[in-house]
Protein chains: 2
Amino acid sequence: MFTDKLIQAIEQKKSPVVAGLDPKIEYVPQLIRAQAGGGLEGAAAAIWEYNRQLIDALCDVVPAVKPQLAYYEMYGLPGIAAFYKTVAYAREKGLLVIADGKRNDIGSTAEAYASAFLGHTTLPEGNVVSLGADALTVNGYLGTDGVKPFVDCCKANNKGIFILVKTSNKSSGDLQDMFLQDGKKVYELMASYVDSWGADSIGEKGYSAVGAVVGATYPEEAYTLRKLMKRAFFLVPGYGTQGGSAADAVAGFDENGRGAIVNASRSIICAYKSSKWQQYGEAGFAEAARAEAMAMAKDINEALEARS
Amino acid sequence: MFTDKLIQAIEQKKSPVVAGLDPKIEYVPQLIRAQAGGGLEGAAAAIWEYNRQLIDALCDVVPAVKPQLAYYEMYGLPGIAAFYKTVAYAREKGLLVIADGKRNDIGSTAEAYASAFLGHTTLPEGNVVSLGADALTVNGYLGTDGVKPFVDCCKANNKGIFILVKTSNKSSGDLQDMFLQDGKKVYELMASYVDSWGADSIGEKGYSAVGAVVGATYPEEAYTLRKLMKRAFFLVPGYGTQGGSAADAVAGFDENGRGAIVNASRSIICAYKSSKWQQYGEAGFAEAARAEAMAMAKDINEALEARS
């Protein structure tokens with residue numbers, strides 16, 4: 001079951017950090033780009049090599065990676081091929097893979113997305129796994145019948161989803177913070193749906209297959225949301241580059257210091273560009289990412305201890 | 001400008017019908033499947049051949065096609081390759097292509113999605129078009145800064161987006177119909193955002209690059225929403241298989257019988273399976289699709305005339 005595996009990996013690696021693999025070609029060190037050739041094919045080849053080395057350096061220090069689909073779709077079909085290779089390679093290296101696609105649609109189409117990312121596709125000759133990620137981010141604007149096919153797929157295949165509840169961006173309040181007539185905010189209503197959608201997929205360690213995305217940039221909201229979704233695992237973006245501190249990022253963890261993972265993308269994969277890790281140089285980009293991921297885990301773990 | 005081109009195509013073809021290209025392998029006639037081989041590669045090859053023949057038969061009777069990403073992602077990387085080929089071929093045949101991906105994310109990632117689907121990707125050697133669709137469906141749950149990159153991309157490249165406002169599925173009310181404290185419903189708030197997001201991208205014919213998805217299954221809501229989004233082009237799903245009639249589907253058209261396109265997927269692409277078109281047989285699947293698309297245009301056009 002996904003959240004059981006996730007908790008086990010977090011404890012084994014002593015790290016609640018997810019490395020966001022959101023590669024733009026300009027992040028890839030020149031020495032890799034020079035060998036990869038031009039065009040979308042070249043960019044995708046460079047991105048794949050960059051990811052491969054990052055995964056090698058990160059696989060024993062983080063429990064999970066979160067490739068963001070947009071950064072692969074941006075490089076066309078070769079980019080999407082690099083995404084598929086990245087997911088397969090990360091899983092081979094023992095990492096859990098959260099595909100960040102924020103997919104959403106009505107029932108029959110939601111079923112197709114669930115098959116694509118988490119389940120299997122039925123062909124005349126039998127079932128075939130298309131991507132086989134461990135979890136997927138999902139947008140719940142369409143309501144229950146748009147989410148249920150994902151939940152059913154999670155239950156059948158031991159996978160997980162994270163529903164957008166309170167996102168980390170500045171404008172997230174435009175809709176999510178609006179008050180409803182009963183005095184609750186829209187994101188609180190979404191939280192109550194997440195709680196009910198996940199009610200019958202609780203793992204051995206108490207967490208449901210239906211998790212929630214709750215930004216580190218809104219710690220007070222995260223604190224409230226933890227109470228509304230006691231069994232939901234939180235995926236916490238917004239730490240680092242977006243402005244969330246470690247103290248902010250741990251607001252949604254439960255009283256035992258569990259129940260959430262904190263994502264960082266650019267600060268990890270571009271660590272070699274930071275003055276903090278300049279000793280690694282461009283050639284040491286993967287080691288710099290590893291050092292940053294370990295420093296971040298320490299930062300989060302210390303904030304968790306300080307809180308308790 | 002996208003909505004100008006769309007209106008021109010609707011008038012030229014006398015059809016406000018969008019053919020949804022949502023191919024499952026089981027929809028593809030046996031004679032095509034038999035030639036295509038097995039596995040995801042075979043399924044994708046069969047789907048591409050099916051689409052190619054559908055596009056040939058539909059290209060002079062509908063203004064646009066709407067391939068739904070989930071049905072291609074479901075067939076893995078070969079499926080996504082079939083999606084790319086389908087988009088390119090449809091555009092070659094003079095059709096406008098609405099990529100139905102319901103993409104959404106925070107600012108920088110929304111920019112990447114916009115590049116992927118509508119704009120171009122910046123490589124060290126210059127800009128390259130990745131997919132180059134004419135329009136994309138977008139989920140606005142993340143608020144203004146998650147949508148603005150799409151709008152900017154539309155303005156720079158003469159493209160369009162359709163924001164989910166009131167979706168056609170049964171559970172769409174779970175969130176979208178909730179009353180806010182000012183007495184408006186959530187979908188009405190979304191409509192007011194759509195109106196303001198699109199305010200500075202109005203084409204010569206009075207319609208904005210920022211359109212709205214409004215289900216044919218909710219005609220009263222569509223009637224209200226037309227007043228709230230006077231300049232938004234509506235993309236109307238839910239006609240036919242989902243239960244919306246022609247009279248329902250035209251509720252969101254403006255007083256001049258313009259401003260909306262009605263999608264049908266299965267009823268067009270699987271028309272050959274319907275007793276209504278059985279004279280075509282399996283081998284005549286593309287002609288059956290064409291006949292159904294023309295019958296649907298007639299149905300919608302008559303409902304528009306009956307209304308006025």
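Above this note sits the structure.
None of the values given here were measured: they were computed from a predicted structure.

### Topic: the relation of the copies chain A and chain B
Piece 1. When chain A is fitted to chain B, the best match, at an RMSD of 0.0 Å, comes from turning it 180° and sliding it 0.0 Å along the axis. Taken together, the turn and the small shift mark the pair as related by a two-fold rotation axis. Minimal C-alpha distance to the rotation axis in chain A is attained by Leu180 of chain A, lying at 2.0 Å.
Piece 2. Both copies present the same face, since 100% of the interface residues in chain A are matched by interface residues at the equivalent positions in chain B.

### Some points on the packing of helix α9 (residues 186–197) of chain B against helix α10 (residues 219–228) of chain B
All names here are of chain B.
Piece 1. Viewed as axis vectors pointing N to C, α9 and α10 meet at an angle of 35°, and their least axial separation amounts to 9 Å. The chirality of how α9 crosses α10 is right-handed. Side by side, α9 and α10 meet where Tyr187, Glu188, Ala191 and Asp195 of the first sit next to Glu221, Thr224, Leu225 and Leu228 of the second.
Piece 2. Looking at the contact of α9 with α10, its residues break down into 4 nonpolar, 1 polar and 3 charged.

### Comments concerning the packing of aromatic side chains
Piece 1. One pass over the full model with this rule turns up 18 aromatic pairs over all chains.
Piece 2. Each ring, one from Trp48 of chain A and one from Tyr89 of chain A, has its centre 5.7 Å from the other, and the planes form 90°; the classification is edge-to-face. Of this pair, Trp48 of chain A sits in helix α3 (residues 39–58) while Tyr89 of chain A sits in helix α5 (residues 76–92), placing them 41 residues apart in sequence.
Piece 3. For Trp48 of chain A, a relative accessible area of 17% corresponds to the buried category.
Piece 4. Given the relative accessible area of 13%, Tyr89 of chain A is considered buried.
Piece 5. Each residue in the set Tyr50, Tyr272 and Phe285 of chain A is aromatic and connected to the rest through ring pairs, giving one cluster.
Piece 6. Above the ring of Phe234 of chain A, the side-chain terminus of Arg226 of chain A is found at 4.0 Å from the ring centroid.
Piece 7. The side chain of Lys166 of chain B reaches across the aromatic face of Tyr218 of chain B, ending 4.0 Å from its centre.

### Brief notes about the packing of helix α6 (residues 107–117) of chain A against helix α7 (residues 144–157) of chain A
Residue and element names in this part refer to chain A.
Piece 1. Closest axis-to-axis distance for the α6/α7 pair is 8 Å, and the angle between their directions is 30°. The element α6 and its partner α7 pack so that their crossing is right-handed. Mapping the contact onto sequence places Gly107, Ala110, Glu111, Tyr113 and Ala114 in α6 and Asp145, Gly146, Pro149, Phe150 and Cys153 in α7.
Piece 2. Along the lines of polarity and charge, the residues of the contact of α6 with α7 split into 6 nonpolar, 2 polar and 2 charged.

### Here's the deal with unusual backbone geometry
All names here are of chain A.
Piece 1. Look at Lys14: it is not a glycine, yet its phi comes out positive at around 50°.
Piece 2. In this structure, Lys14 sits in the loop between α1 (2–13) and β1 (17–21).
Piece 3. Under the relative-accessibility criterion, Lys14 is labelled exposed at 65%.
Piece 4. A positive phi is found at Lys102, a non-glycine position, where the angle reads about 45°.
Piece 5. Tracing the backbone shows Lys102 in strand β3 (residues 96–103).
Piece 6. Note on Lys102: relative accessible area 7%, which makes it buried.

### Topic: the environment of Glu282 of chain B
All names here are of chain B.
Piece 1. When you line up the elements, Glu282 lands in the loop between α12 (266–269) and α13 (285–307).
Piece 2. On a C-alpha basis, the gap between Glu282 and Leu58 in space is 17 Å, while along the polypeptide they are 224 residues apart.
Piece 3. Beyond its immediate sequence surroundings of up to four residues, Glu282 is in contact with Pro29, Gln30, Leu31 and Tyr272.

### Section: the sheet that holds strand β7 (residues 160–166) of chain B
Residue and element names in this part refer to chain B.
Piece 1. Pairing in this closed barrel of 8 strands is parallel, and the strands run β1-β2-β3-β6-β7-β8-β9-β10 around the ring. For this sheet, the mean inter-axis angle between neighbouring strands, taken without regard to orientation, is 30°.
Piece 2. Two strands pair when backbone bridges link them, and strand β2 (residues 64–67) and strand β3 (residues 96–103) are joined in this way by 2 bridges, in the parallel orientation. Across the sheet, Ala64 pairs through a bridge with Leu96, a residue of β3.

### Remarks on the sheet that holds strand β2 (residues 64–67) of chain A
Residue and element names in this part refer to chain A.
Piece 1. Strand order in the closed barrel formed by 8 strands is β1-β2-β3-β6-β7-β8-β9-β10, with parallel pairing between adjacent strands. Between one strand axis and the next, the sheet turns by 30° as a mean value, whatever way the strands run.
Piece 2. Two elements, strand β9 (residues 234–236) and strand β10 (residues 260–264), share 3 bridges in a ladder whose sense is parallel. Its bridge partner being in β10, Phe234 is matched across the sheet by Ala260.

### Some remarks on the pairing of β3 of chain B
Residue and element names in this part refer to chain B.
Piece 1. Most of β3 sits out of view: 8 of its 8 residues are buried.
Piece 2. Burial along β3 is two-sided: Leu96, Ile98, Asp100 and Lys102 facing one way and Val97, Ala99, Gly101 and Arg103 facing the other are all buried.
Piece 3. Both β3 and strand β6 (residues 135–138) contribute to a ladder of 3 bridges, which runs parallel. Bridging across to β6, Arg103 finds its partner in Val138.

Rules used throughout
Residues numbered from 1 in each chain as written. Chains lettered and ligands numbered in written order. Predicted model: local features only at pLDDT ≥ 70, side-chain atom pairs only at ≥ 80, totals over all residues. Heavy atoms only, no water. Least-squares fit on C-alpha atoms with pLDDT ≥ 70 in both. Contact = heavy atoms within 4.5 Å. Axes fitted to C-alpha atoms, helices over the stretch in contact; angles between N-to-C directions. Helix = DSSP H or I, 4+ residues; strand = E, 2+ residues; numbered from the N terminus. Left-handed = near helix turned anticlockwise from the far one by under 90°. Nonpolar A, V, L, I, M, F, W, Y, C, P; charged D, E, K, R; others polar. Phe/Tyr/Trp six-rings, centres within 6.5 Å; stacked < 30°, edge-to-face > 60°. Buried < 20%, exposed > 50% of the residue type's maximum accessible area, 1.4 Å probe, protein only. Lys NZ or Arg CZ within 6 Å of the ring centre and 35° of its normal. Pairing = 2+ DSSP bridges.

Don't take any of this as a statement about function, it's just geometry.
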